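In case you want the letters, here they are:
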Amino acid sequence: QGRGDLSGRRVVVSAGGTREPLDPVRYLGNRSSGKQGHALAAAAAARGAQVTLVTSAAADLPDVDVVTIETALQLRDAMHAAAADADVVVMAAAVADFRPATYAPSKIKKTHEVGPDGAEDDSAPTIALVRNPDILAELVESRGASPAPIIVGFAAETGDENGSVLDHGRAKLERKGCDVLVVNEVGEGKTFGADDNTVTVLRRGSAESVEVGPATKAAVSDAVWDVVVTLL
Ligand code: C5P
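Because the structure is a prediction, the values reported are computed rather than measured.

Draft legend 1. Fine view of the site of the ligand. Met 91, Ala 93, Val 95, Asp 97, Pro 133, Asp 134, Ile 135, Leu 136, Gly 153, Phe 154, Lys 172 and Lys 176 make up every residue found near the ligand. At 2.3 Å, a side-chain N or O of Lys 172 approaches an oxygen atom of the ligand. Within the complex, the protein chains bury 84% of what would otherwise be the 450 Å² of accessible surface of the ligand. Put simply, the parts of the chain that give the shell around the ligand at least two residues each are α3 (135–143), β11 (150–157) and α4 (165–176). Residue classes in the shell around the ligand are distributed as 7 nonpolar, 1 polar and 4 charged.

Draft legend 2. Region of the structure containing the nonpolar core. Formed by 31 residues in total, the largest nonpolar core has its most connected members in Val 90 and Trp 225. Among the elements that take part in this core, helix α5 (residues 217–231) stands out by supplying 6 residues, more than any other. Not counting chain neighbours up to four residues away, the residues in contact with Val 90 comprise Val 12, Val 13, Ser 14, Leu 40, Met 79, Val 152, Phe 154 and Trp 225. The next biggest cluster of nonpolar side chains, apart from the first, holds 24 residues, and it includes Ile 69, Met 79, Val 140 and Val 165.

Draft legend 3. Quick peek at unusual backbone geometry. Cis rather than trans, the peptide bond between Ala 148 and Pro 149 has omega equal to -5°. Inspection of the secondary structure puts Pro 149 in the loop between α3 and β11. Pro 214 follows Gly 213 through a cis peptide bond whose omega is 5°. For Pro 214, the position within the fold is in strand β14 (residues 209–216). The phi angle at Asp 63 is positive, at roughly 65°, despite the residue not being glycine. Secondary-structure assignment places Asp 63 in the loop between β4 (50–55) and β5 (64–68). You can call Asp 63 exposed: its relative accessible area is 69%.

Draft legend 4. Representation of the pattern of salt bridges within the structure. For the structure shown, the criterion picks out 11 salt bridges. A salt bridge links Asp 134 to Lys 176; the shortest N-O distance between them is 2.7 Å. One end of the pair, Asp 134, is in the loop between β10 (129–131) and α3; the other, Lys 176, is in helix α4, with 42 residues separating them in the sequence. Assessed through its relative accessible area of 33%, Asp 134 is described here as partly exposed. Its salt-bridge partner being Arg 143, residue Asp 179 comes within 2.7 Å of it at the nearest N-O pair. Of the two residues, Asp 179 is situated in the loop between α4 and β12 (180–185) and Arg 143 in helix α3; the sequence distance between them amounts to 36 residues. Classification of Asp 179 by relative accessible area gives buried; the value is 15%. Here Arg 143 falls in the buried class, since its relative accessible area comes to 12%. One network of salt bridges, with partners in common, ties together Asp 5, Arg 47, Asp 222 and Asp 226.

Draft legend 5. Region of the structure containing the pairing of strand β2 (residues 20–23). Pairing geometry for β2 and strand β3 (residues 26–28), over 3 bridges, is antiparallel. If you follow Asp 23 over to β3, its bridge partner there is Arg 26. Between β2 and β3, which pair antiparallel and follow one another directly, the connecting turn spans 2 residues.

Draft legend 6. Examining a nonpolar patch on the surface more closely. A grouping of Leu 28, Phe 98, Ile 127 and Leu 129 is seen on the molecular surface, where their side chains present a nonpolar patch of about 330 Å² in accessible area. Inspection of the secondary structure assignment puts Leu 28 in strand β3.

Conventions we followed
Residues numbered from 1 in each chain as written. Predicted model: local features only at pLDDT ≥ 70, side-chain atom pairs only at ≥ 80, totals over all residues. Heavy atoms only, no water. Near = heavy atom within 4 Å. Polar contact = N/O pair within 3.5 Å; in protein donor to acceptor, adjacent residues only side chain to side chain. Areas by Shrake-Rupley, 256 points an atom, 1.4 Å probe, with all protein chains shown as cover. Helix = DSSP H or I, 4+ residues; strand = E, 2+ residues; numbered from the N terminus. Nonpolar A, V, L, I, M, F, W, Y, C, P; charged D, E, K, R; others polar. Core = buried A, V, L, I, M, F, W, Y, C linked by side-chain atoms within 4.5 Å. Buried < 20%, exposed > 50% of the residue type's maximum accessible area, 1.4 Å probe, protein only. Contact = heavy atoms within 4.5 Å. Salt bridge = Lys/Arg side-chain N within 4 Å of Asp/Glu carboxyl O. Pairing = 2+ DSSP bridges. Patch = residues over 30% accessible without salt bridge, like charges linked within 9 Å, V, L, I, M, F, W, Y side chains within 5 Å.

This is the structure we're talking about:
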């Protein structure tokens, strides 16, 4: 893995799970630790890239510009801004597919008083959700016919009766239109929060795949950059 083979390149990596607030104290979130995305950012910097890491997790990485976000909509704005002059964009963040339709500016109470008699309503509230934008698909769309930036997506898949993990990965790569898809097999105890990872790296328009791991997230990162470097 060439030290310096990303020198002069501008790289943007998203990482971590988004948090979608319900009220000032509660959010909908997921188990993404951000470790794989942070490892990708660190590996790119070590290979000479100028790196922007857009993350929801605490990050203290030398030689990386860190932009902290919380929600999918904040992530979207940060990614569009940073992608404008990037050579490579990696969407490693676990973006919430849905967010609460409304944000309550004060804490939602367990019981609320109803009526002049002060009777209490302790029924459970229903939370309405709306879809978040697919940021990866938007980045592909706004690139249009331009060759830059190279766009890398991640997919967490399980095999099922409709196909293997790889079948689902290939279908997602075509559907999303990105250049590279890093497919994680997920399930009990796999990937989320772990220090090791096992992935398959797919390239659009190529039948080949690169299998990596179980390996540290740092080693997985270098394998991903090895593939990306061949496309630059
Ligand atoms: O469709 P799925 O969520 O499996 O796709 C995963 C890929 O899409 C990841 O690269 C993730 O960062 C990205 N994504 C996104 N915006 C969403 C959902 C996923 O950019 N709303």
